[in-house]
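Spelled out from the first residue to the last, the chains are:
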Amino acid sequence: MPVEDLHKLQEDRLKSLVRFVYAHSAFYRQRFKEAGVAPDDIKGLSDVTKLPFTTKLDLRDTYPTGMFCLPKNWVVRYHISSGTTGKSTVVGYTQGDIEMWSESLARALTSVGLGRGDVMQVGYGYGLFTGGLGLHYGSERIGATVLPLGAGNTKRHIELMQDLGSTAIACTPSYFLYINEVAQEMGVSIRDDTKLKTGVFGAEPWSDETRKRIEDSTGIKAYDVYGTSEMSGPLCTECHRQDGIHIWADLFLIEVIDPKTGEQVEDGERGELVVTTLDKWAFPLVRYRMRDITILNSEPCECGRTHPRIMRILGRTDDMIVVRGINVFPSQVESVLMTIPEVGEHYQIIVDRKGPLDVMTVKVEVTEATFSDKIADLMSLSKRVSGELKDVLNLTAGVELVEPGTVPRSMGKAQHVIDKRKV
Ligand code: DLL
């Protein structure tokens, strides 16, 4: 759809949404009154900035269903976020909301080249987490065959990948790295002994450097998929160009703001993602602050899609670690590590306090080949890793090189940071 038509559609949908939440939700009515805004004040897209933000805290305060905008007998499904950053939050869907979710992912999977004839192995957890069921419904919608394995049972993943000829897999990037490792232990090469060609990886921050490693070692194309439980679940991916995630503009109105001032930032500038839902009714969102740090690119893509793109999520505002006053995102550390061929893919960042001073140590596995090298070489490697981290982070970090297989593996979202200052 041409951008102007897309904006007109967004405008109409935004006005309907605002009228809807005002009529149906005591929470939003109250918020709008506090902000001195009424539905009639929203005359165009730029008026979105008159609306108040909503946050995870609002969801917690209204736990479990105080932000729902339809009676419970319209709700056909609940999903519940894991609550790793506090109390869990509940999201609800009408049948229409489930349709919108499946449609979003169907578009996304189509844009990475999947369709009828593909066999999609789902390695995201099924259940309260949205990953498994989201990818499941989206894959069925495009006519692909779904293998609903879920997270875990890794050997079975590899056996069935071979027996049933899986052509695609969806799981966290860290779980795929583990699957690849187990495959190698079983003497199976994903590149030579399976038909796998596409990976749909997300639910946690990862880097272009990790993508390169995955693609080089397995021969598949690895695509980034984004979404959050509040938005429905996984929803949007990159297109074949692998240059930013297309956010479906007819379904979501996105903004990127300066997290400190709340003001919108320019295209190309880093900030916090804010989402307003345009076709989601049991649990709509008005200017919900995602806490994810990204960059907006509204230019139409060379693939032909006019939906805006967000660049790789750098991390969450609440994931950012502050070490001796310097802000560090785990994804920055990952980017550095993955450019050093002698280190493996598994790492942890440990932050502690020694006296008054914060100390950051990066614990990273070395590859098998490096491990069997001489100790002297390991010492110079650790100095090199530390130097490269310092160049990027402007911070001196200790580096602990460890044997392959010693950093804990994850089947869901990897825990890359251990902040001992918090315990
Ligand atoms: O993680 C939904 C999902 C499932 C997305 C499967 C993709 C694939 P939540 O558990 O609510 O939902 O966590 C949402 O995960 O705010 C981001 O911080 C992070 N996240 C999700 N996708 C990405 C990604 C699902 N591609 C939170 N890159 C979000 C970086 C991501 N972070």
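Residues numbered from 1 in each chain as written. Predicted model: local features only at pLDDT ≥ 70, side-chain atom pairs only at ≥ 80, totals over all residues. Heavy atoms only, no water.

## Side note on the packing of helix 4 (residues 95-111) against helix 5 (residues 130-141)
It is at 8 Å that the axes of helix 4 and helix 5 come closest, and there the two elements cross at 70°. Considering the angle they form, helix 4 stands roughly perpendicular to helix 5. Facing Ile98, Glu99, Trp101, Ser102, Glu103, Leu105, Ala106 and Leu109 of helix 4, the residues of helix 5 in contact are Thr130, Gly134, Leu135, Tyr137, Gly138, Ser139 and Arg141. A class-by-class count of the residues in the contact of helix 4 with helix 5 yields 7 nonpolar, 5 polar and 3 charged. (Axes fitted to C-alpha atoms, helices over the stretch in contact; angles between N-to-C directions. Helix = DSSP H or I, 4+ residues; strand = E, 2+ residues; numbered from the N terminus. Parallel < 35°, antiparallel > 145°, perpendicular 65-115°, else oblique. Contact = heavy atoms within 4.5 Å. Nonpolar A, V, L, I, M, F, W, Y, C, P; charged D, E, K, R; others polar.)

## Side note on the domain arrangement of the protein chain
As assigned here, the protein chain comprises domain 1 (3-93 + 246-290), domain 2 (97-242) and domain 3 (321-422). One C-alpha centre belongs to domain 1, the other to domain 2; they are set 28 Å apart. At the junction of the two partners, domain 1 supplies 26 residues and domain 2 supplies 23 residues. For the pairing of domain 1 and domain 2, the buried interface totals around 2,200 Å² over both sides, and the portion due to carbon and sulfur atoms is 64%. Broken down residue by residue, the surface that domain 1 buries against domain 2 is led by Arg77, Tyr93 and Trp248, which jointly contribute 30%. At the junction of domain 1 and domain 2, the tally comes to 2 salt bridges. Where Arg107 meets Asp250, a salt bridge forms, and the shortest distance between an N and an O atom there is 2.7 Å. Counting across the domain 1 and domain 2 interface gives 14 residue pairs in polar contact (both at pLDDT 80 or more). Residue classes in the side of domain 1 that touches domain 2 are distributed as 17 nonpolar, 4 polar and 5 charged. (Domains from an automatic or database assignment. Buried area = accessible area lost by both parts, 1.4 Å probe. Salt bridge = Lys/Arg side-chain N within 4 Å of Asp/Glu carboxyl O. Polar contact = N/O pair within 3.5 Å; in protein donor to acceptor, adjacent residues only side chain to side chain.)

## Things to note about the side chain of Glu238
Among the secondary structure elements, Glu238 is positioned in the loop between strand 8 (233-237) and strand 9 (245-246). In this structure the side chain of Glu238 is engaged in a polar contact, spanning 2.8 Å, whose partner is the side chain of Arg211. Within polar-contact distance, the side chain of Glu238 engages the backbone nitrogen of Asp224 at 2.8 Å. Apart from the residues within four sequence positions on either side, Glu238 is in contact with Ser111, Val112, Arg211, Ala222, Tyr223, Asp224, Asp243, Gly244 and Ile245.

## Thoughts on the site of the ligand
Taken together, the neighbourhood of the ligand is formed by 19 residues, with Asp224, Val225, Ser229, Asp292 and Lys413 sitting nearest. In this structure, Ser229 approaches the ligand through a side-chain N or O atom, which is 2.3 Å from an oxygen atom. Here an oxygen atom of the ligand sits 2.6 Å away from a polar atom, N or O, in the side chain of Asp292. In the complex, the protein chains occlude 94% of the 610 Å² of accessible area that the ligand would expose alone. (Near = heavy atom within 4 Å. Areas by Shrake-Rupley, 256 points an atom, 1.4 Å probe, with all protein chains shown as cover.)

## Focus: the packing of helix 6 (residues 154-163) against helix 7 (residues 173-185)
With their axes 9 Å apart at the nearest point, helix 6 and helix 7 run at an angle of 75° to one another. Looking at the two axes, helix 6 sits roughly perpendicular to helix 7. Contacts between helix 6 and helix 7 involve Thr154, Lys155, His157, Ile158 and Met161 from the first element and Tyr175, Tyr178, Ile179, Val182 and Ala183 from the second.

## Concerning the layout of surface pockets
Space inside the second largest pocket adds up to approximately 420 Å³. Mapped by element, the contributors of at least two residues to the lining of the second largest pocket are helix 7, helix 9 (208-218), strand 17 (343-354) and strand 18 (357-366). The leading source of residues in the lining of the second largest pocket is helix 7, at 6 residues. Counted by class, the lining of the second largest pocket contains 6 nonpolar, 7 polar and 7 charged residues. Composition of the lining of the second largest pocket by domain shows at least three residues from each of domain 2 (97-242) and domain 3 (321-422). (1 Å grid on protein atoms, 1.4 Å probe; cavity = no way out; pocket = protein on both sides within 12 Å on 5 of 7 lines; lining within 4 Å. Points joined across faces, edges and corners; volume = space filled by probe spheres on them.)

## Focus: the sheet that holds strand 6 (residues 198-202)
Spatially, 6 strands are ordered 4-3-5-6-7-8 in an open sheet, and the strand pairing comes out mixed. Looking along the sheet, the strands with just one partner apiece sit at the ends: strand 4 (145-147) and strand 8. When the angles between neighbouring strand axes are averaged without regard to direction, this sheet yields 30°. Note that strand 3 (residues 119-122) and strand 5 (residues 168-171) share 3 bridges and pair parallel. Looking at the pairing, Val122 lines up with Ala170 of strand 5. Packed onto the sheet, helix 7 meets strand 5 and strand 6 and runs at close to 125° relative to strand 5. (Pairing = 2+ DSSP bridges.)

## Examining the pattern of salt bridges
For the structure on display, the rule yields 32 salt bridges. Two residues, Asp208 and Arg312, come together in a salt bridge whose shortest N-O distance is 3.0 Å. One end of the pair, Asp208, is in helix 9; the other, Arg312, is in the loop between strand 13 (309-310) and strand 14 (315-316), and 104 residues separate them in sequence. Of the residues examined, Asp208 reaches a relative accessible area of 43% and is grouped as partly exposed. Of the charged contacts, one joins Arg316 and Asp292 as a salt bridge, the two residues approaching to 3.5 Å between their closest N and O atoms. Residue Arg316 is located in strand 14, and its partner Asp292 is located in strand 12 (residues 288-297); the two are separated by 24 residues in the primary sequence. Asp292 gets classed as buried once you look at its relative accessible area, which sits at 7%. (Buried < 20%, exposed > 50% of the residue type's maximum accessible area, 1.4 Å probe, protein only.)

## Describing the state of the cysteines
Simply put, the disulfide is a covalent bond whose two ends are the sulfur atoms of two cysteines. A full pass over the atoms with the stated rule returns 0 disulfides. Take Cys301: it sits in no disulfide, and the sulfur closest to it among the cysteines is that of Cys303, at 3.5 Å. Looking at Cys301, the relative accessible area reads 7%, which means it is buried. (Disulfide = S-S within 2.5 Å.)

## Some remarks on a negative patch on the surface
Among the surface-exposed residues, Glu266, Asp267, Glu269 and Glu299 lie close enough to one another that they form a single negatively charged patch. Mapped onto the fold, Glu299 is located in the loop between strand 12 and strand 13. (Patch = residues over 30% accessible without salt bridge, like charges linked within 9 Å, V, L, I, M, F, W, Y side chains within 5 Å. Lys, Arg positive; Asp, Glu negative; His and termini not counted. Charge placed at Lys NZ, Arg CZ, Asp CG, Glu CD.)

## Topic: the environment of Ala183
Within the element layout of this structure, Ala183 appears in helix 7. Using a relative accessible area of 0% as the deciding quantity, one classes Ala183 as buried. Residues contacting Ala183, with those up to four places away along its chain left out, are Ile158, Val188 and Ile190.

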